[in-house]
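The residues making up each chain are set out below.
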Amino acid sequence: MPEPAALAGGSPGDAGPVTLAAGHVWGFLSALRAAGVTTALPKQADLLRVVGESPPRDLTALYWYARITLLHDIEELAAFDRVFTAWFRQGGLPDAVPPPPAGESDVPSPQGPGEDDPAPREVLPGDGVEASTLSTYGRRDFDPAGDRWRPVTRALEAAWPAVLPSTPSRRRRPARTGDRLDVRHAWRRAHRHDGEIIELRRRARPPRPRRLLILVDVSGSLRRHTPDLLRLAHTALRAAPARTEVFTFGTRLTRITSALSYPHTGRALRAVSEQVTDADGGTAIGAALREFLGVPRFVALARGALVIVLSDGLERGDHVPMVRATARLSRLSHRLVWWSPLACSPTYSPVTRAMAAQLPHLDHLGGVSDLPTALAEVRRLPAVLSGPRRAAARLWPPPNPAPRPAQQGTRS
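Residues numbered from 1 in each chain as written. Predicted model: local features only at pLDDT ≥ 70, side-chain atom pairs only at ≥ 80, totals over all residues. Heavy atoms only, no water.

### Regarding the overall build of the chain
Scanning the chain for helices and strands turns up 16 helices and 11 strands. Counting every position in the chain, which comprises 412 residues, the buried fraction comes to 46%. Restricting to contacts in the chain with at least 6 residues of sequence separation, those with at least 24 account for 77%. Accessible surface, the chain as shown: approximately 21700 Å² in total, 52% of it carbon and sulfur. (Helix = DSSP H or I, 4+ residues; strand = E, 2+ residues; numbered from the N terminus. Buried < 20%, exposed > 50% of the residue type's maximum accessible area, 1.4 Å probe, protein only. Contact = heavy atoms within 4.5 Å. Areas by Shrake-Rupley, 256 points an atom, 1.4 Å probe, with all protein chains shown as cover.)

### Side note on the sheet that holds strand β7 (residues 244-249)
If you trace the six strands from one edge of the open sheet to the other, you get β8-β7-β6-β9-β10-β11, paired in mixed fashion. This sheet does not close on itself; its edge strands, each paired only once, are β8 (253-255) and β11 (364-367). Averaged over neighbouring strand pairs, the angle between their axes works out to 20° when direction is ignored. Bridging between strand β10 (residues 335-340) and β11 involves four bridges; their strand directions are parallel. Among the inter-strand pairings, tryptophan 338 is bridged to a residue of β11, identified as leucine 365. (Pairing = 2+ DSSP bridges. Axes fitted to C-alpha atoms, helices over the stretch in contact; angles between N-to-C directions.)

### Topic: the packing of aromatic side chains
Counted under the stated rule, the structure contains 12 aromatic pairs. With 6.3 Å between their ring centres and 20° between their planes, phenylalanine 80 and phenylalanine 84 make a pair best called stacked. In this pair, phenylalanine 80 and phenylalanine 84 are both assigned in helix α5 (residues 77-89), four residues apart and thus about one turn of the helix distant. Ring centres 5.7 Å apart and planes at 70° place the aromatic pair tyrosine 348 and tryptophan 396 in the edge-to-face group. Of this pair, tyrosine 348 sits in the loop between β10 and α13 (353-358) while tryptophan 396 sits in the segment after α16 (392-395), placing them 48 residues apart in sequence. The pair tyrosine 348 / tryptophan 396 is uniform in exposure class, with both members buried. A connected cluster of aromatic rings, assembled from ring pairs, spans Phe28, Tyr63, Trp64, Phe80, Phe84 and Phe88. (Phe/Tyr/Trp six-rings, centres within 6.5 Å; stacked < 30°, edge-to-face > 60°.)

### Regarding the environment of leucine 342
Tracing the sequence through the fold places leucine 342 in the loop between β10 and α13. When the C-alpha positions of leucine 342 and serine 369 are compared, they lie 7.8 Å apart, and in sequence the two are 27 residues distant. Residues contacting leucine 342, with those up to four places away along its chain left out, are Asp312, Leu314 and Tyr348.

### Brief notes about unusual backbone geometry
Even without glycine at this site, arginine 390 takes up a positive phi of about 55°. Assessed through its relative accessible area of 30%, arginine 390 is described here as partly exposed.

### Here's the deal with the nonpolar core
Trp160, Val216, Leu232, Leu260 and Trp339 are the most contacted members of the largest nonpolar core, which has 43 residues in total. Those elements that provide at least two residues to this core are α6 (150-163), β6 (212-217), α8 (226-239), α9 (265-275), β9 (306-310), β10, α14 (371-379) and α15 (381-386). Residue contributions to this core peak at six residues, all from α8. If sequence neighbours within four positions are ignored, leucine 260 has contacts with Leu230, Ala233, His234, Leu237, Val246, Ala268, Leu269 and Val272. (Core = buried A, V, L, I, M, F, W, Y, C linked by side-chain atoms within 4.5 Å.)

### What to know about the sheet that holds strand β4 (residues 202-204)
Spatial ordering of the open sheet is given by β2-β4-β3, a layout of three strands whose pairing is antiparallel. Either end of the sheet is taken by a strand with one partner, and the two such strands are β2 (173-175) and β3 (180-181). As paired elements, β2 and β4 share three bridges and run antiparallel to each other. Note on β4: the bridge partner recorded for alanine 175 is arginine 202.

### Points about the pairing of β11
Note on strand geometry: in a regular strand, side chains alternate between the two faces of the sheet. Residues of β11 alternate between two faces, with His364 and Gly366 on one and Leu365 and Gly367 on the opposite face, all of them buried. With α13 bridging β10 and the parallel β11, this β-α-β connection has right-handed handedness. (Right-handed = clockwise from strand over helix to strand, strands pointing away.)

### Notes on α6
End to end, α6 covers 20 Å across 14 residues, agreeing with the expected 20 Å (1.5 Å per residue, within 8%). Burial in α6 covers these residues: Val152, Thr153, Leu156, Ala159, Trp160 and Val163. With its buried residues spanning 125° around the axis, α6 presents them on a single face. Of the exposed residues in α6, those oriented more than 90 degrees away from the buried face are Pro151, Arg154, Ala158 and Ala162. Considering only its buried residues, α6 is in contact with β6, α8, β9, β10, α14 and α15. (Expected span 1.5 Å × (residues − 1). Arc of directions from axis to C-beta.)

### A word on the side chain of serine 219
Following the sequence through the fold, serine 219 ends up in the loop between β6 and α8. Classification of serine 219 as buried rests on a relative accessible area of 0%. Among the polar contacts made by the side chain of serine 219, one reaches the side chain of threonine 283 at a distance of 3.3 Å. Discounting chain neighbours no more than four positions away, the residues touching serine 219 are Phe249, Asp280, Gly281, Gly282 and Thr283. (Polar contact = N/O pair within 3.5 Å; in protein donor to acceptor, adjacent residues only side chain to side chain.)

### A closer look at the packing of α8 against α9
Where α8 meets α9, the axes come as close as 11 Å, and the angle between the chain directions of the two elements is 115°. Taken as a pair, α8 and α9 cross one another with a handedness that is right-handed. For the pair α8 and α9, the contacting residues are Leu230, Arg231 and His234 in the first and Thr265, Ala268, Leu269 and Val272 in the second. (Left-handed = near helix turned anticlockwise from the far one by under 90°.)

Rendered as structure tokens:
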């Protein structure tokens, strides 16, 4: 990675490296706001903290630091890439912004130094701009899907029964073919025909669909995608009402199976909005999954089930509880599938500590941001279920693997 002085476009003799680097980052963040990329003040502070605690080894690492920390909407990716290339790969823009005076906060001010810089809206706790650890209490009205999504929802309802995995039932029933003879039936028929055995019947364990468990992330970082994710869960509940359970989590865990069981989508979403009180708030994935696994009757719902987690995986704070809960959930379930809106981008890579650590426990990591992408992932489930377990790590290798150290000495 170039030196801070080189990044700032000046010589080391003009100013100190720290001042030049601070001015360059200051101009980069201001340029992002000018380009229309929403950068919340807490996330800007997170970027500065991450760069200070773990300096990036090259421009690629710095790019992923900034993208994961600052970007929350995939539609802003093009503008983000354009500004990053101009500031860090082409030497910076001509109208560089000077760093703040000494004594002021290290976090960039929401107001740019120029009069043409647009002032971003005020960032409030739980307003959905960025994921955080702040808890909120309130309601959010989820708008019902329009008529344009009706064919997609019908296709989803028709696709769910065909892709859900099955398992042999515990009780045996009369069948033409089976692994056991129906001795009772043969005895009754023989008794009616003077002891003659006319036909033999068998008993078998018919297949039954496995339980489907859906966990929906309703935190602020997924504010734009939450209504579609809930509609996806509603189609699964309508397709298999007796074998489907739905939970939401943000800063707390909420079971919404009964609220989402209304046949009409609008009424179901209104019932969910009345029951879920942490929508568009903070993110506590590890605490929510740990709370789920702490209730025995909830654990019974996950045992042997197809578990689908709809979340971006952007955990705030310590990621170890999230990884441990994911590992146990993987051991309990038949398959553990993780669908993230971020994975819809062709350049996405699970480089955050939480996603990289839990990737070996996932059977599949896919991208779902709306109903059409959800339909594509649902139709891909049979291939996932027929494949090996915990195959997500093989399909999503870690980016830029560290080179192996050179061996010292030679063999004799």
